[in-house]
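Fold and contact review
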Amino acid sequence: MEKDKKPKFTDFYETVEIMGNDGLSNGHLGDEEFSFVNSRLLHRDHTFPWSTPLFYTTFFSIGFLIEAHGQIIVDKQQFTVKSGMFFVNKPGELQQLTWYSVQESYGLLFTEEFISKYAGISIYKTFPFLLFERQVPLQTSVEFRLELKKILLLIVQELERDSPLQKKICANLLTRFLLKVKQEYWEGYKIHTSPDRNPDILKDFTQNLEYHYDQLLKGKVNRTLYIKDYAEMQQLHENYLSSVLKEKTGKTGGQLIAEKTLSTAKILMEDSRFSIKEISYMLGFSYMSYFSIFFKKHTGLSPVEYRKKNLKI
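Please read these numbers as outputs of a predicted model, since none were measured by experiment.

Helix and strand counts for the chain come out as 14 helices and 10 strands. Counting the 313 residues in the chain, one finds 49% classified as buried. When contacts within the chain are restricted to residue pairs at least 6 apart in sequence, long-range pairs at least 24 apart make up 70% of them. With the model as given, the accessible surface of the chain reaches about 16900 Å², and the carbon-plus-sulfur share is 51%.

Next up on the list: helix α13 (residues 288–299). For α13, built from 12 residues, the straight-helix expectation of 16 Å at 1.5 Å per residue is met to within 8% by its first-to-last C-alpha distance of 16 Å. By the burial criterion, the buried members of α13 are F291, F294 and F295. End-on, the buried residues of α13 take up no more than an arc of 95°, which puts them together on one face. In this structure, α13 carries I293 and K297 as exposed residues pointing more than 90 degrees from its buried face. Following α13 by one or two positions, G300 has its phi on the positive side, about 80°.

This brings us to the environment of G63. Its location among the elements puts G63 in strand β6 (residues 60–74). Sequence separation between G63 and L108 is 45 residues; the distance between their C-alpha atoms is 6.9 Å. The contact partners of G63, leaving out residues within four places of it in the chain, are M85, F86, F87 and Y106.

Turning our attention to the packing of aromatic side chains. Under the counting rule described, the total for this entry stands at 12 aromatic pairs. Measuring from ring centre to ring centre gives 5.3 Å for F114 and Y118, while their planes differ by 50°; the resulting arrangement is tilted. Here the residue F114 and the residue Y118 both occupy positions in helix α3 (residues 112–119), the gap between them amounting to four residues, near one helical turn. Of the aromatic side chains, those joined through ring pairs into one cluster are F285, F291, F294, F295 and Y306.

Turning next to the pairing of strand β3 (residues 34–38). Of all the five residues making up β3, five are buried; the element is thus mostly covered by neighbouring parts of the structure. Residues F34, F36 and N38 point to one face of β3 and S35 and V37 to the other, with burial holding for every one of them. Strand direction decides the pairing type here: strand β2 (residues 28–30) and β3, joined by three bridges, are antiparallel. When the sheet's bridge partners are listed, G30 is paired in β3 with S35. The antiparallel hairpin formed by β2 and β3 contains three residues in its connecting segment.

We now examine the side chain of S105. Inspection of the secondary structure assignment puts S105 in strand β9 (residues 94–110). Under the relative-accessibility criterion, S105 is labelled buried at 1%. Each residue touching S105, except ones within four places of it in the same chain, is listed here: V37, N38, S39, R40, F64, L65, I66, A68 and W99.

What follows deals with the environment of L225. Mapped onto the elements, L225 comes out in the loop between α8 (201–217) and α9 (227–233). Residue class for L225 comes out buried when judged on its relative accessible area of 9%. Sequence spacing of L225 and G284 is 59 residues, and the spatial spacing of their C-alpha atoms is 8.3 Å.

Moving on, we come to unusual backbone geometry. For residues that are not glycine, phi is negative in most cases, and the peptide bond is trans in most cases. Put simply, F48 and P49 share a cis peptide bond, and its omega is 0°. As for its position among the elements, P49 is in the loop between α2 (39–42) and β4 (50–51).

Time to look at the pairing of strand β7 (residues 77–82). Of the pairings in the sheet, the one linking β6 to β7 comprises six bridges and is antiparallel in character. Bridge pairing in β7 places I72 opposite F79. The loop that links β6 with its antiparallel partner β7 comprises two residues; one of these, D75, has a positive phi angle of about 50°.

Calculation rules
Residues numbered from 1 in each chain as written. Predicted model: local features only at pLDDT ≥ 70, side-chain atom pairs only at ≥ 80, totals over all residues. Heavy atoms only, no water. Helix = DSSP H or I, 4+ residues; strand = E, 2+ residues; numbered from the N terminus. Buried < 20%, exposed > 50% of the residue type's maximum accessible area, 1.4 Å probe, protein only. Contact = heavy atoms within 4.5 Å. Areas by Shrake-Rupley, 256 points an atom, 1.4 Å probe, with all protein chains shown as cover. Expected span 1.5 Å × (residues − 1). Arc of directions from axis to C-beta. Phe/Tyr/Trp six-rings, centres within 6.5 Å; stacked < 30°, edge-to-face > 60°. Pairing = 2+ DSSP bridges.

Okay, here's the thing in structure tokens:
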């Protein structure tokens, strides 16, 4: 008897194959930093019920159903989604989406780097609920849906324009969208730290990672943390933490730390107030040469080349 084959986990964009140049005709506008999805158009040729393969994301995703029905599986938890519902998922979660019917449903996909770079917003400070809460689909009121849809239409209009300020405007519209959500569901939200060990290891790792980089940017710490350090924070063996992260995200702890370091570096590189030497120090690199090697390995460009290409004067 053949052993069951392990499912192949893919990136979302590979899974649904929506990245292309045909614009809204494919149900998708934008790029891998920020996207709008019209689910009805995206799945217009599919026979329902239709399911995605299991996939991981490197971005935050918002589902906004007006007239649709289906289910979503997030890290092995299954939720029914139906008309009038709204849900948010964060990067690194294993997901699968099944549609039974779609008449009107929209999605927003965005990276932390996008909102930080173009809106100047720290997700950690402004929208902590995006990072630290297990989100279940929420039922919305008709009035609230109309408010959100107005913002979505403005986003679509902007994405269809060829404007040098497009990303900045979209980032501010996204911020407006998220502030509406925060006001409706998470006003007064605070991060609660339980004295008992939290069983959600990925959640705790994410929180510790975000907090450390926030402290780095404030200049309160000046050294890089490794997987061993994050394991000690949760009183876990580093091999166990690594295995959990690999199982839940498909990536090693080292890869997740490197991704966060890189996204933070890119933000800083586009700010002319900081020299490359200062940036390497802020990110915990002992020598600028170490930072240069790291940066070129992950981007194909040296820090100097990247800065010349992306620095906003």
